[in-house]
Amino acid sequence: QVQLVESGGGSVQPGGSLRLSCAASGRIFSINDMGWYRQAPDFQRELVARITSGGSTNYADSVKGRFTISGDNARNTVYLQMDSLKHEDTAVYYCKAIVTTSNGYQFQYWGQGTQVTVSS
């Protein structure tokens, strides 16, 4: 079993910044990929940014130049620095990890979600 614990959500005015963290723990042999997704009311969950264990990243077009994803392999933690936040960034943000366990299987895990609200 693997647990993902997210933190850092909250409310901010447009143009402000927030930093999300997601720490993975449990029966982890290696983490292949971690990412952030978000879901706003009446919308499907969408990729925001992801990072591989080798450090490759990709971003949704809507956040390029404003959000930065980074990882700490030693701590099994991923961060999402969100700058120049806009109203449309308001959503529940979920962390996802693709993990290889000690018995060699790969599984996908999700965090519980953290609310980000951008409002004036």
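Let me sum up the structure you'll find in this document.

**Focus on the packing of aromatic side chains**
- Summed over all chains, the structure comprises 3 aromatic pairs.
- Geometrically, the ring pair formed by Tyr37 and Trp110 is edge-to-face, given 5.1 Å between the ring centres and 65° between the ring planes. Placement of Tyr37 in strand β4 (residues 30-39) and of Trp110 in strand β10 (residues 106-110) is noted, with a sequence separation of 73 residues between them.
- For Tyr37, a relative accessible area of 15% gives the class buried.
- Arranged with centres 6.5 Å apart and planes meeting at 85°, the rings of Tyr94 and Trp110 form a pair that is edge-to-face. Taken together, the residues Tyr94 in strand β9 (residues 91-100) and Trp110 in strand β10 connect sequence positions 16 residues apart.
- Looking at Arg19, its charged tip hangs above the ring of Tyr79, at a distance of 4.1 Å from the centre.

**Observations concerning the nonpolar core**
- Formed by 29 residues in total, the largest nonpolar core has its most connected members in Leu4, Met34, Trp36, Leu80, Met82 and Tyr93.
- Going through the elements one at a time, β1 (2-7), β3 (18-26), β4, β5 (46-52), β7 (67-72), β8 (77-82), β9 and β11 (114-118) are the ones with two or more residues in this core.
- The element that contributes the greatest number of residues to this core is β9, accounting for 5 residues.

**Topic: the pattern of salt bridges**
- Tallied over the full model, the rule gives 6 salt bridges.
- Between Arg38 and Asp89 there is a salt bridge; the shortest N-O distance is 2.9 Å. Here Asp89 lies in the loop between β8 and β9 and Arg38 lies in strand β4, a separation of 51 residues in the sequence.
- A relative accessible area of 6% places Arg38 in the buried class.
- The closest approach of N and O atoms between Asp61 and Lys64, which form a salt bridge, is 3.1 Å. Lys64 matches Asp61 in its accessibility class, with the two residues each being exposed.

About the cut-offs
- Residues numbered from 1 in each chain as written.
- Predicted model: local features only at pLDDT ≥ 70, side-chain atom pairs only at ≥ 80, totals over all residues.
- Heavy atoms only, no water.
- Phe/Tyr/Trp six-rings, centres within 6.5 Å; stacked < 30°, edge-to-face > 60°.
- Helix = DSSP H or I, 4+ residues; strand = E, 2+ residues; numbered from the N terminus.
- Buried < 20%, exposed > 50% of the residue type's maximum accessible area, 1.4 Å probe, protein only.
- Lys NZ or Arg CZ within 6 Å of the ring centre and 35° of its normal.
- Core = buried A, V, L, I, M, F, W, Y, C linked by side-chain atoms within 4.5 Å.
- Salt bridge = Lys/Arg side-chain N within 4 Å of Asp/Glu carboxyl O.

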